[in-house]
Amino acid sequence: MMWTEEIKMGQEKINALLMDQKDNVVTCVSEIPAGTLVTYQDENGCQRLCAREDIPYCHKIALQDLPAGAEVIKYGESLGKLITPVQQGQWIAEHNLKSVPRDYDHELADETFVMHAAQSAGAPDLTPWHFWGYRRAEGRPGIRNHVLILPACACGSECCRIVASQVRGAVNIVFNTGCSDVEANTAMSQKVLTGFACNPNVYGVVIIGLGCETVPHAKLRAKIEQMTSKPVASFGIQEEGGTLKTIEKAVRAARDMAQQAAMQQKELFPVSEFFLGIECGGSDATSGIASNPAVGELSDILVDMGATAMMSESIEWIGGEHILAKRAATPAIQREIIEVCRAYEEHLSAAGQDCRAGQPTPGNKAGGLSTLDEKSLGCIRKGGTRPIVEVLEQAQRPSKRGAVVMDTAGYDISLVTSMVAAGCQAVIFTTGRGTPTGNAIVPVFKVTANERTYQHMEDNMDKDLSPIIRGEKTYQQMGREMVKDMEAIANGRMTKAEAFGFSDIAVDHVCRYV
């Protein structure tokens, strides 16, 4: 039997996906035992080849014989180079495919650069929606009205947890730092804490510190009061005479704020006041194939309606940064995107580390992502296609509306932390392997296109995007559906993580504790 032959459309069930006509691999969407047929569709119709070895679910199979040193192409882009020869029908994964260094100098654009990313059609037929939110004196309205119990340092976290448990409408975070830090780490921690307090979903703040932390509770309160007119109270455990006395006073303060918050009436706001954070974590091959393109479509539709959508995790631009940079609205923004990636690699290199040693993660590799390049090329699809109007530092609030990106780590909990500190009202989180994560301040809406993950973790997944993989719906259709999901969440519908009360916080660090 020939290793490849054309067959009639519909005669065989498609069990692999070709992402671009230039690709020399396809991704299998079921386990493929050795000796069985792999069927996929290209521009000429359905094609098939025989697997020479077992191909795991979500993994790649070669469409042709490839020598050592050949580039493996998926999404029409290089995933890296083979370190051994591969025959048609063989499995391609991290054991025979390696990433290669980037040429950032060559990618930098001059002043003649113009945005040249292909644009999605969007959904001009959809009417921009409105949501009922809570007006704030500064910035966007809230879609929630929390009283935030905020630790000034790790030593205040337990008291904050107890206080929040005693007051309806109060939420707390667990903070892992605030002491024994170098100046840059302290600055990042303060940026996150003040950002949490200023998030539009927060009505008021009760701070609990120990008393000997780097930035005491009173100073943190003063910083927050300079940034917002929200009610703020603070207490120090050492000053109050221990945890019980501190908790008593903090509960009374939180109770008073909760009573005031309950009196605030909702008002109607246009979707242009909506700010969505976009994240992917626990990714597998279905993320780049289906979940992320669908969320990218959602992002484009929201931006067209006047909303703001922010993508982060810049380490996962590396290998796809040249594609992402095509979306830059200006030459300066194009260069910023490239330099963010260069700086990330140089930062790790200065410490004797290589980003490709930690990315992709073991879970990513088990899910079919073989190199950082492959992960990034799928990752950046969740940001959509609209022009990028601003590149932000971690936890920095955007000054413009539209599509923006933030320079953060790839660690999903850390980057969600930074996006919440930057003021987003909700986060959409794509995953392939599954995650229960949530955030106390904003609703986290989790989606997956991996049917198995949705079935196994339905208690944690908010939406099943696997109809895209099965060919029942397009990613554009699922993106349109999620516009309605965002409208519902903005109007009060709880996500599963929100209903469970899940909250994960991690603050990125520049260097070690001191």
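Residues numbered from 1 in each chain as written. Predicted model: local features only at pLDDT ≥ 70, side-chain atom pairs only at ≥ 80, totals over all residues. Heavy atoms only, no water.

Chemist: Explain the nonpolar core to me, using residue names and the numbers behind them.
Modeler: Trp-129, Phe-274, Ile-428 and Met-486 are the most contacted members of the largest nonpolar core, which totals 51 residues. Among the elements of the structure, β8 (77-82), β17 (275-280), α7 (285-304), β21 (426-430), β22 (444-448) and α15 (475-490) are those that each provide at least two residues to this core. When residues in this core are grouped by element, the largest group, nine residues, is from α7. Counting 39 residues, the second largest nonpolar core, distinct from the first, contains Leu-148, Val-171, Met-188 and Ile-441. (Core = buried A, V, L, I, M, F, W, Y, C linked by side-chain atoms within 4.5 Å. Buried < 20%, exposed > 50% of the residue type's maximum accessible area, 1.4 Å probe, protein only. Helix = DSSP H or I, 4+ residues; strand = E, 2+ residues; numbered from the N terminus.)

Chemist: Any details on the layout of surface pockets? Residues and values, ideally.
Modeler: Left-over empty space is what a probe sized like a water molecule reveals as it rolls over the atoms. Approximately 1,400 Å³ is the volume attributed to the largest pocket. Lining the largest pocket are 45 residues, with Met-19, Ile-289, Pro-293, Arg-381 and Tyr-475 sitting closest to its centre. A total of five residues in the lining of the largest pocket trace back to one element, the largest contributor, which is α7. Classifying every residue of the lining of the largest pocket gives 20 nonpolar, 13 polar and twelve charged. (1 Å grid on protein atoms, 1.4 Å probe; cavity = no way out; pocket = protein on both sides within 12 Å on 5 of 7 lines; lining within 4 Å. Points joined across faces, edges and corners; volume = space filled by probe spheres on them. Nonpolar A, V, L, I, M, F, W, Y, C, P; charged D, E, K, R; others polar.)

Chemist: Go over the confidence of the model for the protein with me, naming the residues and quoting the values.
Modeler: The pLDDT averaged across the protein works out to 95; a share of 98% of its residues lies at or above 70. A low-confidence stretch, residues 1-10 stays under pLDDT 50, and its non-local contacts, those more than four residues away or across chains, total 24 contacts. (pLDDT = per-residue confidence, 0-100. Contact = heavy atoms within 4.5 Å.)

Chemist: Please set out the pairing of β8 residue by residue, giving values where relevant.
Modeler: Bridge count for strand β7 (residues 71-74) against β8 is three bridges, and the pairing is antiparallel. Residue pairing for β8: Ile-73 is matched across the bridge by Ser-78. Count of turn residues in the β7/β8 antiparallel hairpin: two residues, of which Tyr-75 carries a positive phi of about 60°. Pairing of β8 with strand β10 (residues 97-98), which is carried by two bridges, proceeds in the antiparallel orientation. Looking at β10, one finds that Leu-82 is bridged to Leu-97. (Pairing = 2+ DSSP bridges.)

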